[in-house]
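Structural overview for review
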Amino acid sequence: MDDLAPQEAAVLAIIKDNPFAGQQEIATQLGLARSTVAAHIVQLMQKGYILGRGYVMPAEARAVCIGGAVLDRKYRARADLVFETSNPVDGVRSMGGVARNVAENLALLGTTTSFVSIVGDDEGGRALLKHMRDRGIDVSQVLTTTERPTAEYAAILDLKGDLVLGIADMGIFDLLLPRHFERIWPHLAAANWVFCDCNVPAETLAALIAKRHGGNLGARFRLAVDAVSTPKAARLPKDLSGIDLLFMNIDEANAVLHRKAHETIEDARDAALALQAAGAREAVVTMGPRGIAVAGTEGAKTYPAVQARPVDITGAGDAMIAGTLHRILHGEDTYTAARIGALLGTLTTESAASVHTELSERFLEANMHRLAG
């Protein structure tokens, strides 16, 4: 609570003791004018210490995920793919989107999670919201629009489950503008971590980073960002200050940094350090089966990939992010948390679903021995 002035701290202490205390009662106890108390309460809301009317206190260890909510269609080839003709496949429909997948993974691991996005006023949007509510995710801040349909993504997978081609209709996210975040700011400010993917417009991402980096008026939460793809990584500002933890694969990092090296895990290490030098407090750069690199407060470290028996790689990166954030929220340092996140990513590749159907904190703990393998 280093960001609280003495009078703000005193007002908050009274509210914690009695959430039903009126402004005049607080003013009398502290010997202040009621208008002064009202001003302090507004500041406490802006800083995320209270959530609004009734002085509702935020939950402990809470995460907010912002970005893509997508209807996924995955088509896995039954034989070697032949281009420019019809191919036999097995098709599956599921719920996707980077931020949505991260939110579901977090919720299944037991982290209190909210989701902020935009969906169409259509069957797909309603299905996405119902699915997330059923997982215990707060979707009260999701916008619904009639201007565009709910986002869709189609993935063509080869016999091994590797992505061959992905196509996406994501135009709806252009409507997720900074003014929405102004309206729901206390909801964001009360979080421990806010995660945002680069599906949101560049101006929205920049506004969120600026808010996080706003000095004494900035938020208490820590901000994590995922690049999503090489084209969408271009939405990041050149100055990455305000991002506490940045996730990228080696191709995305090289695109942002204008580098070409991507052969060894040491290239990922160098990229993570360069992202840190560009302003990110910490960075995780992934290289699939070659492992991950983490640039943190104690320098850069590399870790080998966990051996996998892959079925489908879709959602692995999202699971890695969620596992990392979950363990940070529960006290692990970023290096340890990222290794556990990488384990969860590996476990997700061994499931046909984008979010592992058996996922729980107990399931993750039961597989922890694989980090030593």
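Being a predicted model, the structure only gives us computed values, none of them experimental.

Glancing now at the overall build of the protein. Helices and strands together make up the secondary structure of the protein, namely 14 helices and 14 strands. Considering only C-alpha atoms, the protein reaches an extent of 80 × 50 × 40 Å along its principal axes. In the protein, of all internal contacts separated by at least 6 residues, the share reaching a separation of at least 24 is 66%. With the model as given, the accessible surface of the protein reaches about 16800 Å², and the carbon-plus-sulfur share is 52%.

Formed by 47 residues in total, the largest nonpolar core has its most connected members in I66, L188, L208, L236 and L246. The element best represented in this core is helix α11 (residues 265-277), accounting for five residues. Apart from residues lying up to four places away in sequence, L188 is in contact with V64, I66, V116, F181, V194, L208 and F221. Counting residues in hydrophobic clusters, the runner-up holds 37 residues, among them A69, V119, I328 and L329.

The next subject is unusual backbone geometry. A positive phi angle, close to 65°, is found at E84, a residue other than glycine. Positive phi, close to 75°, is recorded for V228, a residue that is not glycine.

Looking now at the state of the cysteines. Using the criterion set out here, one finds zero disulfides in the structure. Its sulfur unpaired, C65 is 9.7 Å from the next cysteine sulfur, which belongs to C196. With no disulfide of its own, C196 has C198 as its nearest cysteine by sulfur position, at a separation of 6.9 Å.

Taken together, the side chains of F83, V164, L165 and I167 define a hydrophobic patch exposed on the protein surface, amounting to about 410 Å² of accessible area. Among the secondary structure elements, F83 is positioned in the loop between β2 (70-77) and β3 (89-96). The exposure class assigned to F83 is exposed, which follows from its relative accessible area of 62%.

This part takes up helix α3 (residues 34-46). With 13 residues, α3 extends 19 Å between its outermost C-alpha atoms, agreeing within 8% with the 18 Å of an ideal straight helix rising 1.5 Å per residue. All buried positions along α3 are accounted for by V37, H40, I41 and L44. Seen along its axis, α3 keeps its buried residues to an arc of 105°; they face one direction.

In spatial order, the strands read β3-β2-β7-β8; together these four strands make up an open sheet with mixed pairing. If you trace the sheet from one side to the other, it starts and ends with β3 and β8 (163-169), each paired once. Between one strand axis and the next, the sheet turns by 15° as a mean value, whatever way the strands run. Pairing analysis gives eight bridges linking β2 to β3, with the strands arranged antiparallel. The residue bridging V70 from the neighbouring strand is G96, located in β3.

All right, on to the pairing of strand β4 (residues 112-116) then. Counted residue by residue, β4 has four buried out of five residues, so it is predominantly covered. For strand β1 (residues 62-66) and β4, the ladder comprises five bridges, and the chain directions are parallel. Bridged to V64 within β4 is S114.

Bringing the pairing of strand β11 (residues 245-249) into the picture now. Of all five residues making up β11, four are buried, and the element is well covered by its neighbours. The pairing of strand β10 (residues 222-226) with β11 spans three bridges and is classified as parallel. For A224, the partnering residue across the bridge sits in β11 and is L245. The sheet contact formed by β11 and strand β12 (residues 282-286) spans five bridges and is parallel. Counterpart to L245 in the pairing with β12 is E282.

This part takes up the side chain of T324. For T324, the position within the fold is in helix α12 (residues 316-329). Within the structure, T324 has its side chain in polar contact with the backbone oxygen of M320 (distance 2.8 Å).

What follows deals with the side chain of T349. As for its placement among the helices and strands, T349 is situated in helix α13 (residues 334-349). Judged by its relative accessible area of 10%, T349 is buried. In terms of polar contacts, T349 uses its side chain to reach the backbone carbonyl oxygen of T346, at 2.6 Å. T349 has contacts with A308, R309, P310, V311, D312, I313 and A316, leaving out every residue within four places of it along the chain.

What follows deals with the packing of aromatic side chains. Evaluation of the coordinates by the stated rule reveals one aromatic pair. The lysine or arginine in question, K211, covers the ring of W185, its NZ or CZ lying 4.6 Å from the ring centre. The cationic tip of K301 hangs over the ring face of Y335; the distance from NZ or CZ to the ring centre is 4.3 Å.

Scoring rules and cut-offs
- Position numbers for residues start from 1 in each chain and track the written sequence from start to end.
- Local features in this predicted model are restricted to residues of pLDDT 70 or higher, and side-chain atom pairs are both shown and tallied only at a pLDDT of 80 or more, whereas totals for entire chains, interfaces and linings draw on every residue.
- Side-chain metrics in this entry use all non-hydrogen atoms of the structure; hydrogen atoms and water are not considered.
- Each helix is a run of H or I in the DSSP string that is no shorter than four residues. Each strand is a run of E no shorter than two, and both are numbered from the N terminus.
- Residues are treated as being in contact if the distance between any of their heavy atoms lies within 4.5 Å.
- Every accessible area reported is derived by Shrake-Rupley at a probe size of 1.4 Å, with residue values counting cover from the shown protein chains alone.
- We define the nonpolar core as a collection of buried residues of types Ala, Val, Leu, Ile, Met, Phe, Trp, Tyr and Cys that are connected through side-chain atoms lying within 4.5 Å of one another.
- Three exposure classes are used, based on accessible area relative to the maximum for each residue type with a 1.4 Å probe and protein chains only: buried under 20%, partly exposed in between, and exposed over 50%.
- For this text, the term disulfide refers to a pair of cysteine sulfurs within 2.5 Å.
- Exposure above 30% relative accessible area and the lack of any salt bridge qualify a residue for a patch; like charges then connect within 9 Å, and the nonpolar side chains Val, Leu, Ile, Met, Phe, Trp and Tyr within 5 Å.
- Should a side-chain nitrogen of Lys or Arg be within 4 Å of a carboxyl oxygen of Asp or Glu, the pair is scored as a salt bridge.
- One fewer than the residue count of a helix, multiplied by 1.5 Å, yields its expected span.
- Note that the arc is computed from the directions linking the helix axis to the C-beta atoms.
- Only strands that DSSP links by at least two bridges are regarded as paired with each other.
- To obtain an axis, a line is fitted to C-alpha atoms, over the contacting stretch when the element is a helix, and the angle between two such axes runs from 0 to 180 degrees between their N-to-C directions.
- Whenever two N or O atoms come within 3.5 Å, that pair is a polar contact, provided that in protein one can donate a hydrogen and the other can accept it, and provided that, for residues adjacent in sequence, both atoms are side-chain atoms.
- Paired rings are identified among Phe, Tyr and Trp, the last through its six-membered ring, by centres lying within 6.5 Å, and are further divided according to the angle between planes into stacked (under 30 degrees), edge-to-face (over 60) and tilted (the rest).
- Here, a charge over a ring means that NZ of Lys or CZ of Arg falls within 6 Å of the ring centre while also lying within 35 degrees of the ring normal.

Remember that the coordinates give geometry; whether it matters functionally is a separate question.
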